[in-house]
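Residues per chain are reported as follows:
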Amino acid sequence: MPEVKFKGVKLHFTDQGKGRAIIFLHGFLENCSMWKKIVPELQNRYRVVCIDLPGHGKSECIGYVHTMDEMAEAVFKVVRTLKLRKVTMIGHSMGGYVALAFAERFPDNVKSLVLYQSTAKADSDERKNNRNRAIELVKQNHKSFVRKAVPQLFRPVNRKKFKTEMDWAKNEALSTPVQGIIAALGGMRDRPNREILLKFPPYSIHIVAADKDPIIAYNDMVELASISDQVRLHTIKGCGHMSYIENPEATIAGFNIIMKQN
C-alpha cells in the first residue's frame with residue numbers, strides 16, 4: 001500500500017483511478033476504509049486518493065496534539081508526492097477541519113472544497129469542555145469511550161437498521177491508538193474559526209449536510225452556506241452524522257453532482 005514519511009513517521013494513503021483528483025479525508029475515529037462504498041463509484045471517472053490522517057488507520061502518530069494545520073501539512077506531503085496540482089478536497093467531520101486548514105495554507109492547490117457534514121466554525125466553550133472530558137475518558141478506558149461514542153453518531157432510528165454497519169464502524173474505531181484519539185481531540189478543540197474562507201473563496205465550496213445530524217446541526221449548516229453566493233448547500237435527508245453508511249446512494253449522487261458542477 002502507498003505510504004510516505006511525514007515528520008519521521010509513516011503516512012498511509014490509497015490512490016485509485018485516473019482523471020481529475022479527489023482527496024478524501026476521513027473524520028475522527030475513522031480511516032480510509034470509511035470510503036469503501038464511495039471510491040468504486042468514482043474511480044472510473046476520477047483519480048481518488050484517500051488518506052489516513054495522522055494517528056488513524058495505518059498512519060502513525062506525530063505528537064500529543066495533532067493540530068488541523070499539522071494534519072493539513074501531512075495531506076500536502078501526499079499531494080506533493082503524487083505531483084497533484086489542483087484537487088477537489090472532500091472532508092468528513094474532522095476531515096473537513098483539515099481540508100479548511102489545507103485550503104488556508106495551500107490555496108493554489110485547491111480546485112474545490114467540500115465540507116461533508118463538517119463546519120468552518122470553531123468549537124464553542126461547551127464543546128471544548130466536552131473534548132477535555134472526552135480526553136480524560138479515553139485515558140481511563142478508550143474502548144468504553146469508543147463503544148459509546150460511535151452509536152451516538154447515527155440517527156437514533158437508524159441504529160437498529162444499520163447495526164451490522166455500526167458494529168463495523170466500532171471495530172474500525174477501536175483500531176485507532178489511544179494517542180491518536182487524544183491527539184485528534186486536542187487538535188479539534190484548539191482549531192480556529194475559519195468562516196472567513198467561505199466569504200471570498202478563489203474556488204468553489206460545497207457543504208453537504210444531513211437534516212438529522214446529531215453532531216453538526218443542520219440549521220447551522222444552512223446558516224454557514226448563506227455566508228457567500230459561492231457556497232452551495234447539498235442536503236441528505238433522513239440521516240445522522242454517518243450518511244456514508246445511512247444513505248451511501250445519496251452521498252455518492254451528491255458527490256457526482258458536485259464534481260459535475262466544478
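Residues numbered from 1 in each chain as written. Predicted model: local features only at pLDDT ≥ 70, side-chain atom pairs only at ≥ 80, totals over all residues. Heavy atoms only, no water.

*Asks:* Tell me about the overall build of the protein chain, and please be specific about residues and values.
*Replies:* Looking only at helices and strands, one finds 10 helices and 8 strands in the protein chain. Since a compact globule built from 262 residues should have a radius of gyration of about 18 Å, the 17 Å found for the protein chain is in line with a globular shape. For the protein chain, the spread of C-alpha atoms along the three principal axes comes to 45 × 40 × 35 Å. Taken over 262 residues, the protein chain has a buried fraction of 55%. Nonlocal contacts in the protein chain, meaning residues at least 24 apart in sequence, comprise 78% of its contacts between residues at least 6 apart. (Helix = DSSP H or I, 4+ residues; strand = E, 2+ residues; numbered from the N terminus. Rg over C-alpha atoms; globule rule 2.2 N^0.38 Å. Buried < 20%, exposed > 50% of the residue type's maximum accessible area, 1.4 Å probe, protein only. Contact = heavy atoms within 4.5 Å.)

*Asks:* Break down helix α6 (residues 163-174) for me, with residues and values.
*Replies:* Taking 1.5 Å as the rise per residue, α6 with 12 residues should run 16 Å; its terminal C-alpha atoms sit 16 Å apart, in good agreement. Along α6, the residues classified as buried are M166, A169, K170 and A173. What you see down the axis of α6 is that its buried residues fit within an arc of 100 degrees, all on one side. Every exposed residue of α6 that faces more than 90 degrees away from the buried side is listed here: T164 and N171. Considering only its buried residues, α6 is in contact with α4 (125-149), α5 (158-161) and α9 (243-246). (Expected span 1.5 Å × (residues − 1). Arc of directions from axis to C-beta.)

*Asks:* Could you give an account of the sheet that holds strand β1 (residues 3-6), with specific residues and numbers?
*Replies:* Taken in spatial order, the 8 strands make up an open sheet running β1-β2-β4-β3-β5-β6-β7-β8, and their pairing is mixed. For this open sheet the edge positions go to β1 and β8 (231-236), each flanked by a neighbour on one side alone. On average, adjacent strands in this sheet sit at an angle of 20 degrees to one another, irrespective of strand direction. Note that strand β6 (residues 110-116) and strand β7 (residues 204-210) share 5 bridges and pair parallel. Across the sheet, residue S112 finds its bridge partner in β7, namely S204. (Pairing = 2+ DSSP bridges. Axes fitted to C-alpha atoms, helices over the stretch in contact; angles between N-to-C directions.)

*Asks:* So what about the side chain of N31? Which residues, and what values?
*Replies:* Considering the arrangement of structural elements, one finds N31 in the loop between β3 (21-25) and α1 (39-42). Residue N31 is classed as buried on the basis of its relative accessible area of 6%. Among the polar contacts made by the side chain of N31, one reaches the side chain of E172 at a distance of 3.0 Å. (Polar contact = N/O pair within 3.5 Å; in protein donor to acceptor, adjacent residues only side chain to side chain.)

*Asks:* Hey, could you go over the pattern of salt bridges for me, with residue numbers and the actual values?
*Replies:* By the definition in use, this model includes 13 salt bridges. D15 is paired through a salt bridge with R47; the nearest N and O atoms lie 2.8 Å apart. Of this pair, D15 sits in strand β2 (residues 9-16) while R47 sits in strand β4 (residues 47-51), placing them 32 residues apart in sequence. You can call D15 partly exposed: its relative accessible area is 28%. Residue classification places R47 among the partly exposed positions, given a relative accessible area of 22%. Here K121 ties to E195 by a salt bridge, and the two come within 3.4 Å at their closest N and O atoms. With K121 in the loop between β6 and α4 and E195 in the loop between α7 (178-190) and β7, this pair connects stretches of sequence that are 74 residues apart. Ionic contacts of the salt-bridge type, sharing partners, join the residues K7, D69, E70, E73, E104, R105 and R194 into one network. (Salt bridge = Lys/Arg side-chain N within 4 Å of Asp/Glu carboxyl O.)

*Asks:* Hey, could you go over α7 for me, with residue numbers and the actual values?
*Replies:* Helical geometry: 3.6 residues make up each α-helical turn, so side chains three or four residues apart lie on a common side. In a regular helix each residue adds 1.5 Å, so 13 residues correspond to 18 Å; α7 covers 19 Å between its end C-alpha atoms and thus fits that length. When α7 is considered as a whole, its buried residues turn out to be G180, I181, I182, A183, A184, L185, G186, G187, M188 and R189. Those residues of α7 hidden inside the fold are in contact with α2 (68-81), α3 (94-105) and α4.

*Asks:* Report on the packing of aromatic side chains, specifying residues and quantitative values.
*Replies:* This structure, assessed with the given rule, holds 7 aromatic pairs. On the basis of an interplanar angle of 55 degrees and a centroid distance of 5.1 Å, the ring pair of F102 and F106 is categorised as tilted. Just as F102 is buried, F106 falls in that class too. An aromatic cluster of at least three residues, connected via ring pairs, comprises F24, W35, Y116 and F255. Positioned above the aromatic ring of W168, the side-chain terminus of K36 is 4.1 Å from the ring centre. (Phe/Tyr/Trp six-rings, centres within 6.5 Å; stacked < 30°, edge-to-face > 60°. Lys NZ or Arg CZ within 6 Å of the ring centre and 35° of its normal.)

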